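Given next are the chains, with one letter for each unit.
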Amino acid sequence: MQVLISTLSQGLIWTILTLGVFITFRILNFADMTVEGSLTFGGSLCAALMLRGVNPFLSLLIAGVLASLAGLVTGILNTKFKIQAILAGILTMIALYSVNLRIMGKANLSLLGKSTIFSAINNILPALNSNFVLKTFIIGLVICIISVVSLNLFFKTQIGLAVRATGDNEQMMRALGGNTDFKKILALMISSFFCGLAGALIAQSQGYADVNMGTGSIVIALASIVIGEAFLNFIKLKNKILSSLICMILGSIMYRIIIFIVLNLGMNPSDLKLFTACITAVLLGMPKLKKFKLKLGGNKNA
Amino acid sequence: MLRLNNIYKKFNKNMADEKIIFENFSLHIKKGEFVVIIGGNGAGKSTLMNLISGSILPDKGEIFIDSQNVTNLHEYQRAKFIGRVFQDPLKGSAPNLTIEENLSLALLRDKKRSFSFGINKNNREFFRQELKKLELGIEDRLESKMGVLSGGQRQAVTLLMACLVKPKILLLDEHTAALDPKSSVKILELTEKIISEHHITALMITHNLDNARKFGSRIIMIENGGIKLDTLDKEINFDDLIKRLNITVNKI
C-alpha cells in the first residue's frame with residue numbers, strides 16, 4: 001500500500017512537469033528543450049532560497065516565477081532572433097546549466113533538516129505527522145488539481161484561445177489580428193513556470209537539488225504525455241482541453257507505475273532512460289505503426 | 001479607401017536570382033468596389049495581396065487604408081481593417097479548435113484580447129444565427145472540431161470569419177480554386193451575398209474570366225508587376241485582349 005501511494009505521489013509531482021511540456025509540445029506545437037534547464041533552475045532556486053531561510057511555500061512560488069524567465073529567453077530567441085525552436089530551447093538549457101551552478105555554488109544542495117512544504121503540512125493535518133508518503137500524495141494532488149483547473153480556465157479565455165490557435169494555425173491567428181510572437185512567448189513562459197515549479201517540488205520531496213536533476217526530464221514528460229493521450233479514449237468530456245489535462249495526470253501516474261513494475265521485474269535502474277526513450281518513441285510512432293500493420297494485415301480482409 | 005503609392009518590391013535582393021515584382025506600382029481602390037484581379041502565374045497578384053495584408057512589406061512606397069498610413073504596420077495590426085480568405089481552405093481556420101472557438105477568435109479581430117472568457121451565451125447565439133445564413137446545416141455543430149468539416153464548408157466558415165467583424169477591405173486570394181465546381185459556385189454566391197449585404201470593399205484574385213466578369217465591378221489585369229488593364233467595362237472581350245497582349249491566362 002505504502003509503495004503504491006508513493007508511486008502515485010511521484011506521478012502527481014511529475015504531473016506538473018508534464019503539464020508544462022504539454023503546453024509547448026501539444027498546445028503550441030513547439031519542441032521546447034528549455035524544460036531540462038528550467039526544471040533544474042526551479043529546483044536549485046528553491047533549494048538555495050530555502051537554505052537562506054525563505055519560507056518553503058514562498059520559495060516554491062518564487063522558483064516558478066523566476067523559471068518562467070527561461071521561457072521568455074527561449075521565446076525571444078525564437079520569435080525575435082528567428083532561431084529554430086529546438087535550438088532556441090537548447091541554448092537556454094545550456095546557459096541555465098552554468099546559471100544553476102552559480103545559484104547553488106556547487107553541484108548539489110542538500111535540504112536535510114530544513115522544513116519543506118511536506119513537513120509544513122503537519123500543522124494543518126497533525127495526524128499525518130509520521131506518514132511522509134501520504135503527505136506527498138495529498139500535497140501533490142492539491143497542486144495538480146489547482147494547476148489543471150487554472151490551466152483549463154486560462155485556455156478558455158480570449159488570450160488562452162488565441163494561444164491555442166497560434167499553435168494550431170499561426171497564419172490564421174495573424175490574419176485575425178493576433179500577435180503570434182507574444183502568444184508564443186506567453187505560452188513558453190507559462191510552460192517554464194510549471195517546469196520550474198515541478199523542479200522545486202521535486203527538490204523538496206527528495207530533499208536535495210542537483211545540477212543534473214533535469215537530465216532526461218523532457219523524455220519522461222513526453223512519455224507521460226503520450227501515455228496520457230491513450231486515456232483520451234476513455235475520458236470524453238465535452239470540454240476537450242479539460243479531458244487532455246486530466247489525461248496528463250493519468251499519464252504521469254501511469255508512467256510511474258510502469259517504471260515501478262519494470263524495476264520490480266529486475267530492470268537495472270541505469271537502463272531506465274533507454275527504456276523510457278524506447279516507449280516514448282514507440283508510442284509517438286504508434287499512428288504510423290498502426291498503418292503499417294493495416295498494410296500487412298490487408299490481405300486477410302481482402 | 002485603399003491606396004498603394006509607388007510600391008517597389010524585389011525578392012532575393014542583391015542575389016543572382018533577384019526578381020523584381022513591382023516597380024513604381026500604384027493603385028487606388030474606392031470604397032465599395034469589388035475589384036477582380038486577373039493575370040498569369042507569377043504576375044504578382046498574390047504578392048499584391050500580401051503587400052496589402054502586411055504579410056510582406058514593400059521595399060519602398062506607401063500603403064494607405066482610409067487615409068491612415070499602414071505601410072509599417074505588422075500583419076496582425078492591419079488585421080483590424082482587413083479580412084482575408086486564402087486559397088487553401090485549411091489555412092483560414094484552426095482545425096483542432098471547435099467551430100465556435102474559431103468564430104470567437106474572429107470576433108476579436110479588431111479588438112484587444114483579454115482574460116475574459118472567449119465564448120459566452122450571447123456570442124454563441126450570434127454565431128448560430130450567422131452560421132444559419134450559410135445554409136450548410138452546421139449551426140447545430142458549434143462544438144464540433146473545425147477539422148471535421150469538408151473543404152467547402154471550411155471555406156464558407158472562413159469567409160464568415162473574415163466578415164464577422166466588418167472589414168474595410170476583404171482580400172480573396174483565389175478562394176474557390178481548391179474547391180470542387182459545386183462548392184466553388186456556392187462559395188462565390190455566398191461571397192457576393194455577404195459583400196453586397198454589408199457593402200464591403202473587396203479584392204478578389206481569380207483565374208476564371210467568367211467569374212471575373214460576373215462578380216467584379218472593376219477588373220484589373222496584372223502582368224509583370226504592371227497594370228495592363230483597368231476597366232469598369234464588364235462586356236470586355238478577354239480573348240481579343242489576351243491575344244493582343246500575348247498574355248497567358250489559365251482559363252478554367
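Residues numbered from 1 in each chain as written. Chains lettered and ligands numbered in written order. Predicted model: local features only at pLDDT ≥ 70, side-chain atom pairs only at ≥ 80, totals over all residues. Heavy atoms only, no water.

**Considering the overall build of chain A**
Right, on to step 1. Scanning chain A for helices and strands turns up 13 helices and two strands.
Right, on to step 2. Its C-alpha radius of gyration of 20 Å places chain A within 12% of the 19 Å reference for a compact globule of 302 residues.
Right, on to step 3. Principal-axis analysis of the C-alpha atoms places the extent of chain A at approximately 65 × 50 × 35 Å. (Helix = DSSP H or I, 4+ residues; strand = E, 2+ residues; numbered from the N terminus. Rg over C-alpha atoms; globule rule 2.2 N^0.38 Å.)

**Some points on the sheet that holds strand E10 (residues 226–231) of chain B**
All names here are of chain B.
Right, on to step 1. If you walk across this open sheet you meet the six strands as E6-E7-E8-E3-E9-E10, and the pairing is mixed. Taken across any chain shown, the strands that pair with only one partner, and hence form the sheet edges, are strand E6 (82–85) and E10. For this sheet the average axis-to-axis angle between neighbouring strands, irrespective of direction, equals 20°.
Right, on to step 2. Bridge count for E6 against strand E7 (residues 169–173) is four bridges, and the pairing is parallel. Each residue of the ladder has a partner; that of Val85, found in E7, is Leu172.
Right, on to step 3. Sitting on the sheet, helix H5 (residues 151–164) is in contact with E6 and E7, with an inclination near 175° to E6. (Pairing = 2+ DSSP bridges. Axes fitted to C-alpha atoms, helices over the stretch in contact; angles between N-to-C directions. Contact = heavy atoms within 4.5 Å.)

**Here we look at the side chain of Ser184 of chain B**
All names here are of chain B.
Right, on to step 1. Mapped onto the elements, Ser184 comes out in helix H6 (residues 181–198).
Right, on to step 2. Relative accessible area serves as the criterion here: at 13%, Ser184 is assigned to the buried category.
Right, on to step 3. With near-sequence residues (within four places) excluded, Ser184 lies in contact with Thr176 and Leu179. (Buried < 20%, exposed > 50% of the residue type's maximum accessible area, 1.4 Å probe, protein only.)

**Looking at the environment of Ala177 of chain B**
Residue and element names in this part refer to chain B.
Right, on to step 1. Locating Ala177 in the fold gives a position in the loop between E7 and H6.
Right, on to step 2. According to the relative accessible area criterion, Ala177 is partly exposed, its value standing at 44%.
Right, on to step 3. A C-alpha to C-alpha distance of 7.9 Å links Ala177 and Thr206, two positions 29 residues apart in sequence.

**Here's the deal with the nonpolar core**
Right, on to step 1. Ile16, Leu17, Leu151, Phe155 and Leu201 of chain A are the most contacted members of the largest nonpolar core, which totals 76 residues.
Right, on to step 2. Considering each element in turn, this core owes the most residues, 12 residues, to helix H9 (residues 180–206) of chain A.
Right, on to step 3. Residues contacting Phe155 of chain A, with those up to four places away along its chain left out, are Ile23, Ile27, Gly160, Leu161, Val163, Arg164 and Ile241 of chain A.
Right, on to step 4. Formed by 48 residues, the second largest nonpolar core is a distinct cluster that contains Phe127, Leu172, Leu190 and Ile194 of chain B. (Core = buried A, V, L, I, M, F, W, Y, C linked by side-chain atoms within 4.5 Å.)

**Points about the interface of chain A and chain B**
Right, on to step 1. The partner chain B presents 30 residues to the 24 residues of chain A that form the contact.
Right, on to step 2. Sorting the residues of chain A by area buried against chain B places Gln158, Asp168 and Leu176 of chain A first, and these three jointly supply 27% of that buried surface.
Right, on to step 3. In this structure, the connection of chain A to chain B is made through three salt bridges.
Right, on to step 4. For Arg174 of chain A, the salt bridge goes to Glu75 of chain B, with nearest N and O atoms at 3.0 Å. (Buried area = accessible area lost by both parts, 1.4 Å probe. Salt bridge = Lys/Arg side-chain N within 4 Å of Asp/Glu carboxyl O.)

**Points about a nonpolar patch on the surface**
Right, on to step 1. Together, Leu141, Ile145, Val149 and Leu153 of chain A together with Phe117 of chain B give the surface a local cluster of nonpolar side chains, amounting to about 420 Å² of exposed area.
Right, on to step 2. According to the relative accessible area criterion, Ile145 of chain A is partly exposed, its value standing at 46%. (Patch = residues over 30% accessible without salt bridge, like charges linked within 9 Å, V, L, I, M, F, W, Y side chains within 5 Å. Areas by Shrake-Rupley, 256 points an atom, 1.4 Å probe, with all protein chains shown as cover.)

**Remarks on the sheet that holds strand E4 (residues 60–65) of chain B**
All names here are of chain B.
Right, on to step 1. The sheet built from four strands is open, its strands ordered E2-E1-E4-E5 with antiparallel pairing. The open sheet has two free edges, formed respectively by strand E2 (19–29) and strand E5 (68–69), since each of these has just one partner strand.
Right, on to step 2. Of the strand pairs in this sheet, strand E1 (residues 2–11) and E2 are connected by seven bridges, and their pairing is antiparallel. Paired with Lys10 across the strands is Ile20, a residue of E2.
Right, on to step 3. Lying over the sheet, helix H1 (residues 45–53) contacts E1, E2 and E4, oriented at roughly 115° with respect to E1.

**So, helix H1 (residues 2–27) of chain A**
Right, on to step 1. The terminal C-alpha atoms of H1 of chain A lie 36 Å apart, and with 26 residues this matches the ideal 38 Å at 1.5 Å per residue to within 8%.
Right, on to step 2. The largest bend along H1 of chain A measures about 30° and falls at Trp14 of chain A. (Expected span 1.5 Å × (residues − 1). Bend = angle between axes of the 7 residues up to and from the residue.)

**Let's talk about the packing of helix H2 (residues 34–51) of chain A against helix H3 (residues 56–79) of chain A**
All names here are of chain A.
Right, on to step 1. Taken N-terminus to C-terminus, the directions of H2 and H3 make an angle of 150°; their axes are 8 Å apart at the nearest point. The angle between H2 and H3 falls in the class roughly antiparallel. Here H2 runs over H3; the crossing is right-handed. On H3, the residues that touch Thr34, Ser38, Phe41, Gly42, Leu45, Cys46, Leu49 and Met50 of H2 are Pro56, Ser59, Leu60, Ile62, Ala63, Leu66, Ala67, Ala70 and Thr74.
Right, on to step 2. In the contact of H2 with H3, the residues fall into 12 nonpolar, five polar and no charged. (Parallel < 35°, antiparallel > 145°, perpendicular 65-115°, else oblique. Left-handed = near helix turned anticlockwise from the far one by under 90°. Nonpolar A, V, L, I, M, F, W, Y, C, P; charged D, E, K, R; others polar.)

**Side note on unusual backbone geometry**
Right, on to step 1. One non-glycine residue, Lys82 of chain A, lies in the positive phi region at around 60°.
Right, on to step 2. Mapped onto the elements of the fold, Lys82 of chain A is located in the loop between H3 and helix H4 (85–104).
Right, on to step 3. Judged by relative accessible area, Lys82 of chain A falls into the exposed class, the value being 63%.
Right, on to step 4. Although it is not a glycine, Asn224 of chain B adopts a positive phi angle of roughly 50°.
Right, on to step 5. Residue position: Asn224 of chain B is located in the loop between strand E9 (218–223) and E10.

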